[in-house]
Amino acid sequence: MADDTQLSIEELEAALPSVTQWRVAAGRSVGWTAFEVGPGTALPSDYRSLVVA
């Protein structure tokens, strides 16, 4: 496991293979600032990693 509290993207995909159907080969580009302005806070890095995977 990546550390004691979270799985890496690869570990998540191994545990839940059906999530790979949404993976984009080239990854995704996300304008995080637009998403973070509303709630006024940065999104967690693990969430960002999952979204762009």
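All of these numbers come straight from a predicted model, not from anything done at the bench.

Reading the values: rules and limits
- Residues numbered from 1 in each chain as written.
- Predicted model: local features only at pLDDT ≥ 70, side-chain atom pairs only at ≥ 80, totals over all residues.
- Heavy atoms only, no water.
- Phe/Tyr/Trp six-rings, centres within 6.5 Å; stacked < 30°, edge-to-face > 60°.
- Helix = DSSP H or I, 4+ residues; strand = E, 2+ residues; numbered from the N terminus.
- Buried < 20%, exposed > 50% of the residue type's maximum accessible area, 1.4 Å probe, protein only.

Engineer: Would you explain the packing of aromatic side chains in this entry?
Structural biologist: Here the distance between the centres and the angle between the planes together describe a pair of aromatic rings. Counting across every chain of the model gives two aromatic pairs. Arranged with centres 6.2 Å apart and planes meeting at 55 degrees, the rings of Trp-32 and Phe-35 form a pair that is tilted. In this pair, Trp-32 and Phe-35 are both assigned in helix 2 (residues 32-37), three residues apart and thus about one turn of the helix distant. On the basis of relative accessible area, Trp-32 is assigned to the buried category, the value being 13%. Note on Phe-35: relative accessible area 53%, which makes it exposed. Taken together, a centroid distance of 6.2 Å and an interplanar angle of 70 degrees make the contact between Trp-32 and Tyr-47 edge-to-face. Here Tyr-47 lies in helix 3 (residues 45-52) and Trp-32 lies in helix 2, a separation of 15 residues in the sequence. Under the relative-accessibility criterion, Tyr-47 is labelled partly exposed at 42%.

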